[in-house]
Amino acid sequence: RPYFIIIKAGTFSEYKSKEKMMNKLSLIREEVIKKITLKANEAFYLATTGFTERELFEIQTDHSNSFLSIGGMGHVSSIALGIANSKKDQKIIALDGDGSLLMHMGNMAIAGQSKLKNFIHIVFNNGCHLSVGGQKSIAEDLDLEKMAKACGYKTFEISTDEELNSFLTKLNDLTGPIFVNLHVNTATRADLGRPTLSPYEMKKIFMEKLNG
C-alpha cells in the first residue's frame, strides 16, 4: 500500500555528490538573468524550478510579471507557450534549464511549430542537474540548437559575453518562436534565498498583471 513519510528538517547530514559536475564557462546564470530582465523589462517571465526561479525572484523587486514553476520540472516551456498563445500582444520568455528541457522534449516540437512571434525559450545549459546535486546531464552531448531548428525555432547559441551582448541588442526586436541554447557556469551563490511569496500569491499577482 502507499506510504507517506514525514521527516524533520536536520534529520540527515548534508550529502555531497561524488559525481557533481563543474565547468569553467564564463557566463554566470544569475548575471545573465539580470541582464535579460533589464533589457526586456516589459516581458513576462516564466522560470523553471530550482536555482533559476530563485535567482529570478531575488533579482526582481516587482514580481507581478514573473511566474515560478516551483516543483514543476519540465513544464515551464509548455506553460509559457500556452500563455503566449492566449496573449499574443505580450512578449513571453521561458527561462528553462537543460535538465528540465530533457524531461519533456516533446514541448520543443509543439513550440517550434507554433509560429508564435511573441515566444522566446531560453535554456540555461550547464550540463548538469544543478539544483538537485550537480549530477551530469546529457545536454552537452546533444546539439540542442540543431534539434530546436529542426522543430521550427529560430535559434541562437551563446557561450561568451560577446555573443550574449550581441543577442541582447536584438532581444526586444526578435520575432519568435526563438530558442536560445545558453551555456553557463555551474556557479550558484551559497546565500541564494527562496521566494518569500507563496505559489498561490505569485500566481494571483501574475494573472492580475497579465490580464490588466
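Just above sits the structure.
Reading the values: rules and limits
Residues numbered from 1 in each chain as written. Predicted model: local features only at pLDDT ≥ 70, side-chain atom pairs only at ≥ 80, totals over all residues. Heavy atoms only, no water. Buried < 20%, exposed > 50% of the residue type's maximum accessible area, 1.4 Å probe, protein only. Helix = DSSP H or I, 4+ residues; strand = E, 2+ residues; numbered from the N terminus. Arc of directions from axis to C-beta. Contact = heavy atoms within 4.5 Å. Salt bridge = Lys/Arg side-chain N within 4 Å of Asp/Glu carboxyl O. Pairing = 2+ DSSP bridges. Axes fitted to C-alpha atoms, helices over the stretch in contact; angles between N-to-C directions. Right-handed = clockwise from strand over helix to strand, strands pointing away. Parallel < 35°, antiparallel > 145°, perpendicular 65-115°, else oblique. Left-handed = near helix turned anticlockwise from the far one by under 90°. Nonpolar A, V, L, I, M, F, W, Y, C, P; charged D, E, K, R; others polar.

A.B. asks: So what exactly am I meant to see when it comes to helix α7 (residues 161–170) here?
C.D. replies: Considered for burial, the residues of α7 that qualify are Leu164, Phe167 and Leu168. Seen from one end, α7 has its buried residues packed into an arc of 100°, which puts them on one side. Within α7, the exposed residues directed more than 90 degrees away from the buried face are Glu162 and Thr169. Elements that come into contact with the buried residues of α7 comprise α1 (29–39), β7 (154–158) and β8 (178–183).

A.B. asks: Honestly, the pattern of salt bridges in this entry has me stumped. Any pointers?
C.D. replies: Two side chains carrying opposite charge are able to pair once their charged atoms lie near each other. Applying the stated criterion to the full structure yields five salt bridges. Notably, a salt bridge pairs Glu208 with Lys204, separated by 2.8 Å at the nearest N-O pair. With a gap of four residues between them, Glu208 and Lys204 both fall in helix α8 (residues 199–211), about one helical turn apart. What emerges from the salt-bridge pattern is a single network uniting Glu30, Glu58, Arg189 and Asp191.

A.B. asks: What is the right way to look at the sheet that holds strand β4 (residues 119–125) in this model?
C.D. replies: The strands making up a sheet associate through hydrogen bonds between their backbones, and the pairing can be parallel or antiparallel. Taken together, the six strands give an open sheet; going across it, the order is β2-β1-β3-β4-β8-β7, and neighbouring strands pair in parallel fashion. The sheet is open, and its two edges are formed by β2 (66–68) and β7, each paired on a single side. Adjacent strand axes in the sheet meet at a mean angle of 15° when their direction is disregarded. Bridging between strand β1 (residues 44–47) and strand β3 (residues 92–97) involves four bridges; their strand directions are parallel. Paired with Leu46 across the two strands is Ala94, which belongs to β3. Where α1 meets the sheet, its contacts fall on β1, β3, β4 and β8, and the angle it forms with β4 comes to roughly 160°.

A.B. asks: Mind showing me how you'd approach the pairing of β8 here?
C.D. replies: Extensive coverage of β8 is indicated by the burial of six of its six residues. The side-chain alternation of β8 yields two buried faces, one formed by Ile178, Val180 and Leu182 and the other by Phe179, Asn181 and His183. Note: β4 against β8, six bridges, orientation parallel. Residue pairing across strands places His121 opposite Phe179, the latter belonging to β8. Relative to β8, β7 is paired through five bridges, and the arrangement is parallel. Residue pairing in the sheet places Thr155 in a bridge with Phe179 of β8. Crossover connection from β7 via α7 to parallel β8: handedness right-handed.

A.B. asks: What exactly am I supposed to notice about unusual backbone geometry here?
C.D. replies: When glycine is set aside, most residues are seen to have a negative phi, and most peptide bonds are trans. With omega at 0°, the peptide bond leading from Gly176 into Pro177 counts as cis. Inspection of the secondary structure puts Pro177 in the loop between α7 and β8. Of note in the backbone geometry, Lys115 takes a positive phi value of approximately 65° without being a glycine.

A.B. asks: Can you walk me through the pairing of β3 in this structure?
C.D. replies: Regular strands place their side chains on alternate faces of the sheet. Judged by how many residues are buried, β3 sits mostly within the fold: six of six residues are covered. Alternating positions in β3 separate into two faces, Ile92, Ala94 and Asp96 on one and Ile93, Leu95 and Gly97 on the other, with burial throughout.

A.B. asks: So what exactly am I meant to see when it comes to the packing of α1 against α7 here?
C.D. replies: Each pair of packed helices gets described by two things: the angle between the helix axes and the distance between those axes. In contact at an axis separation of 10 Å, α1 and α7 are set at 20° when each is read in the N-to-C sense. With respect to α7, the axis of α1 lies roughly parallel. Considering the relative orientation of α1 and α7, their crossing is right-handed. Between α1 and α7, the contacting residues are Val32, Lys35, Ile36 and Lys39 on the first element and Asp161, Leu164, Asn165, Leu168 and Thr169 on the second. When the residues that make up the contact of α1 with α7 are grouped by side-chain class, the tally is four nonpolar, two polar and three charged.

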